[in-house]
Amino acid sequence: MQYRELAVPGAWEITPKQFGDPRGVFLEWFKAAPFADAAGHAFDLQQANLSVSAAGVVRGIHFADVPPGQAKYVTCARGAVLDVVVDIRVGSPTFGQWDSVLLDDVDRRAIYLAEGLGHAFMSLEDDSTVLYLCSAGYAPGREHGIHPLDPTVGIDWPTTGRDGRPLTPQLSEKDEAAPTLVQAQADGLLPRHADVEAFLASLRA
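Since the structure is predicted, the reported quantities are computational estimates derived from the model, not experimental observations. (Residues numbered from 1 in each chain as written. Predicted model: local features only at pLDDT ≥ 70, side-chain atom pairs only at ≥ 80, totals over all residues. Heavy atoms only, no water.)

S.K.: What exactly am I supposed to notice about the layout of surface pockets here?
M.R.: In this structure, the largest pocket occupies an estimated 460 Å³ of space. Around the largest pocket, the lining is made up of 22 residues, and of these N49, R59, H62, K72 and Y132 lie nearest the centre. For the lining of the largest pocket, the secondary structure elements donating two or more residues are strand 5 (47-53), strand 6 (58-64), strand 11 (117-123), strand 13 (143-145) and helix 2 (173-176). Considering each element in turn, the lining of the largest pocket owes the most residues, four residues, to strand 5. Of the residues in the lining of the largest pocket, the class split is eight nonpolar, nine polar and five charged. (1 Å grid on protein atoms, 1.4 Å probe; cavity = no way out; pocket = protein on both sides within 12 Å on 5 of 7 lines; lining within 4 Å. Points joined across faces, edges and corners; volume = space filled by probe spheres on them. Helix = DSSP H or I, 4+ residues; strand = E, 2+ residues; numbered from the N terminus. Nonpolar A, V, L, I, M, F, W, Y, C, P; charged D, E, K, R; others polar.)

Structure below.
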């Protein structure tokens, strides 16, 4: 299992070792010890989610108030998605920047996003199935979003699917109504980098 830190600090791409034979494939998609080595603290699993999405569906950019925030460890068990992390921490040296990892049923990579980061993905194939391990349960009053097509963020979403067909972004009503990054910052919705760092330091203590 290999960890590679992304351009947004606090996010990692995780590549597992796969063991295949005529029966199929086996892999460990999460291990506590390598995770703790990379993140500097244990992963406190509080909720596990699963979503199934048609080609072109975009979910996000989602984030939660810090503390406690909601860290996510995400993989794609079937199909393929472009998974994106966005630095929305006000005061961060990389504020507004994003990075991405292709999650699919071939390389079977995962991505980890620490508390205070924005998360989104686009499905590249019908019935793409995404699994999330979450460090905190869903709390509607503490959950927020940024419009995933916000040109200020400028995510380079794919325009063709896994089969080569054109993709049209499909958003939920909630995500369609989400503010831009600038609006969210003006409204005081975004986490502060200093608060996030203080919270992460408490996890490492």
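S.K.: Sorry if this is basic, but what is going on with the state of the cysteines here?
M.R.: Note on terminology: a disulfide is the covalent bond linking the sulfur atoms of two cysteines. If you walk through the whole model with that rule in mind, you get zero disulfides. Free cysteine: C76, not disulfide-bonded; nearest cysteine sulfur from C134 at 16 Å. (Disulfide = S-S within 2.5 Å.)

S.K.: Honestly, the environment of S128 in this entry has me stumped. Any pointers?
M.R.: Among the secondary structure elements, S128 is positioned in strand 12 (residues 128-134). Assessed through its relative accessible area of 0%, S128 is described here as buried. A sequence separation of 77 residues divides S128 from S51, and the C-alpha atoms of the two residues are 8.0 Å apart. Residues in contact with S128, not counting those within four places in the same chain, are S51, V52, S53, R78, G79, A80, V81 and S123. Polar side-chain contacts of S128 include one of 3.1 Å to the backbone oxygen of A80. (Buried < 20%, exposed > 50% of the residue type's maximum accessible area, 1.4 Å probe, protein only. Contact = heavy atoms within 4.5 Å. Polar contact = N/O pair within 3.5 Å; in protein donor to acceptor, adjacent residues only side chain to side chain.)

S.K.: Would you mind going over the packing of aromatic side chains with me for this structure?
M.R.: Here the distance between the centres and the angle between the planes together describe a pair of aromatic rings. In the structure shown here, the tally under the stated rule is 10 aromatic pairs. A centroid spacing of 4.7 Å and a plane angle of 90 degrees characterise the contact between F35 and Y112, whose relative ring orientation is edge-to-face. Of this pair, F35 sits in helix 1 (residues 32-39) while Y112 sits in strand 10 (residues 110-113); the two residues are 77 residues apart in sequence, bridging distant segments of the chain. The same class applies to F35 as to Y112, namely buried. (Phe/Tyr/Trp six-rings, centres within 6.5 Å; stacked < 30°, edge-to-face > 60°.)

S.K.: Would you take a moment to explain empty space enclosed by the protein for this structure?
M.R.: One water molecule sets the probe size; rolling that probe over the atoms shows where empty space is left. Per the stated rule, a full pass over the model turns up one cavity of 30 Å³ or more. Quantified by volume, the largest cavity comes out at close to 80 Å³. If you trace the largest cavity, you find 13 residues lining it, with H62, F63, A64, Q70 and L117 closest to the centre. Of all the elements in the fold, those that place two or more residues in the lining of the largest cavity are strand 6 and strand 11. Ranked by the residues each element gives to the lining of the largest cavity, the list is headed by strand 6, at three residues. In terms of residue class, the lining of the largest cavity is made up of five nonpolar, five polar and three charged.

S.K.: Help me understand the sheet that holds strand 6, please; the structure alone is not making it clear to me.
M.R.: Remark on secondary structure: sheet strands pair via backbone hydrogen bonds, oriented parallel or antiparallel. In spatial order, the strands read 9-8-11-6-13; together these five strands make up an open sheet with antiparallel pairing. Single-partner strands in this sheet number two, and they are strand 9 (98-104) and strand 13. Geometrically, the sheet is characterised by an average inter-axis angle of 25 degrees between neighbouring strands, direction not taken into account. (Pairing = 2+ DSSP bridges. Axes fitted to C-alpha atoms, helices over the stretch in contact; angles between N-to-C directions.)

S.K.: Please clarify how the sheet that holds strand 1 (residues 2-5) should be interpreted in this entry.
M.R.: Pairing is antiparallel in the open sheet, where six strands are placed in the order 1-2-10-7-12-5. Every other strand in the sheet has two partners, leaving strand 1 and strand 5 as the edge strands with one partner each. Adjacent strand axes in the sheet meet at a mean angle of 20 degrees when their direction is disregarded. Where strand 7 (residues 72-78) and strand 12 come together, six bridges link them in antiparallel fashion. Residue K72 lies in a different strand from strand 12, and its bridge partner there is C134. This element, helix 1, spans strand 1, strand 2 (11-15), strand 7 and strand 10 of the sheet and lies at about 25 degrees to strand 1.

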